[in-house]
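Architecture at a glance
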Amino acid sequence: IILLYKLNVFTNPNFKTFIGKHEAYSWYMDILLGLKKNYNKLQENRNKQLQLNIQNQVKQKASLLSKRLMDSIGNNSPMKSQILREFNTKSPILSNQYDLEIEALKHEERIIMTDLVRLSFDFICDSIDIFKLELNPSVYLICGAISGSFGLSKVWMMSKRELEGQ
């Protein structure tokens, strides 16, 4: 409907005011939902990082304990050869894979944080519009510029990662 007003299809000024106000409310709700969604994503990401760290620590301790057990068992013991066969048949998860997974989660966390900051500045700008706050116009411009720069940073990080093939 706003586009139709801009194209001069609709001309009623009262209806235009009504539609403009609801457009601002719509943006406001969209920003709030975006903040909530990104906050939940951030919590999930941090939980995944914590789980990976715990799994890695458990594997490191299990490896250390198995080495100690191997050292305590005699060289020609059938138990030692059985343990060696068990470890050789199972494919251990390399620490390199762990590092890659953690790095991917950290990258995702940086993107989410960047988007949270961007949405926060959008929230400030839209709050100025919604509540008709009488602030210095430079506050609105600065918040908008910061929001735009964080949006550009997010796109830059995502594009860079995609072009690097990761």
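Quick summary incoming for the structure in this document. In this text the structure is predicted, and so the values were computed from the model without any measurement.

A look at the side chain of His-107
Tracing the sequence through the fold places His-107 in helix H4 (residues 95-130). Excluding residues within four positions of it along the chain, His-107 makes contact with Met-157 and Arg-161.

Thoughts on the nonpolar core
Among the nonpolar cores identified, the biggest contains six residues, and these are Ile-31, Leu-35, Leu-42, Ile-112, Leu-116 and Leu-119. For this core, the elements supplying multiple residues, two or more each, are helix H2 (13-72) and H4. In this view, Ile-112 contacts Asn-38, Lys-41 and Leu-42; residues no more than four positions away in its chain are not counted.

Some details on the environment of Lys-6
Looking at the element boundaries, Lys-6 is found in helix H1 (residues 2-6). You can call Lys-6 exposed: its relative accessible area is 65%. In this structure, the C-alpha to C-alpha distance between Lys-6 and Lys-16, residues 10 residues apart in sequence, is 10.0 Å.

Things to note about the packing of aromatic side chains
Under the definition given, this model contains five aromatic pairs. Taken together, a centroid distance of 6.1 Å and an interplanar angle of 45° make the contact between Tyr-5 and Phe-15 tilted. Of this pair, Tyr-5 sits in helix H1 while Phe-15 sits in helix H2, and the two are 10 residues apart along the sequence. Taking the relative accessible area as the measure of exposure, Tyr-5 reaches 6% and is therefore buried. With relative accessibility at 35%, the residue Phe-15 sits in the partly exposed group. Plain terms: the ring middles of Tyr-28 and Phe-131 are 6.0 Å apart, the flat faces sit at 85° to each other, and that makes the pair edge-to-face. Taken together, the residues span a long stretch of sequence, with Tyr-28 in helix H2 and Phe-131 in the loop between H4 and helix H5 (137-164) at a distance of 103 residues.

Looking at a nonpolar patch on the surface
On the surface, Ile-1, Leu-3, Leu-4, Leu-7, Val-9, Phe-10, Phe-15 and Phe-18 cluster together into a nonpolar patch covering about 750 Å² of accessible area. For the nonpolar patch, the secondary-structure elements that each account for two or more residues are H1 and H2. Mapped onto the elements of the fold, Leu-7 is located in the loop between H1 and H2.

A few points about the packing of H2 against H4
Two numbers describe how H2 lies on H4: the axes approach to 9 Å, and their chain directions differ by 160°. Overall, the two elements H2 and H4 adopt an arrangement that is roughly antiparallel. When the axes of H2 and H4 are compared, the crossing they make is left-handed. Its residues assigned to classes, the contact of H2 with H4 comprises 19 nonpolar, eight polar and 10 charged.

Brief notes about the packing of H4 against H5
For the pair H4 and H5, the least separation of the axes is 9 Å and the interaxial angle reads 160°. By the criterion of interaxial angle, the relationship of H4 to H5 is roughly antiparallel. By crossing handedness, the relation of H4 to H5 is classed as left-handed. In terms of residue class, the contact of H4 with H5 is made up of 14 nonpolar, six polar and eight charged.

Quick look at the side chain of Asn-38
Along the chain, the position of Asn-38 falls in helix H2. Among the residues examined, Asn-38 registers a relative accessible area of 3% and is labelled buried. Within the structure, the side chain of Asn-38 is placed 2.7 Å from the side chain of Asp-115, a separation counted as a polar contact. Ignoring anything within four residues of it in the chain, the contact list for Asn-38 reads Ile-112, Asp-115, Leu-116 and Leu-119.

What counts and what doesn't
- Residues numbered from 1 in each chain as written.
- Predicted model: local features only at pLDDT ≥ 70, side-chain atom pairs only at ≥ 80, totals over all residues.
- Heavy atoms only, no water.
- Helix = DSSP H or I, 4+ residues; strand = E, 2+ residues; numbered from the N terminus.
- Contact = heavy atoms within 4.5 Å.
- Core = buried A, V, L, I, M, F, W, Y, C linked by side-chain atoms within 4.5 Å.
- Buried < 20%, exposed > 50% of the residue type's maximum accessible area, 1.4 Å probe, protein only.
- Phe/Tyr/Trp six-rings, centres within 6.5 Å; stacked < 30°, edge-to-face > 60°.
- Patch = residues over 30% accessible without salt bridge, like charges linked within 9 Å, V, L, I, M, F, W, Y side chains within 5 Å.
- Areas by Shrake-Rupley, 256 points an atom, 1.4 Å probe, with all protein chains shown as cover.
- Salt bridge = Lys/Arg side-chain N within 4 Å of Asp/Glu carboxyl O.
- Axes fitted to C-alpha atoms, helices over the stretch in contact; angles between N-to-C directions.
- Parallel < 35°, antiparallel > 145°, perpendicular 65-115°, else oblique.
- Left-handed = near helix turned anticlockwise from the far one by under 90°.
- Nonpolar A, V, L, I, M, F, W, Y, C, P; charged D, E, K, R; others polar.
- Polar contact = N/O pair within 3.5 Å; in protein donor to acceptor, adjacent residues only side chain to side chain.

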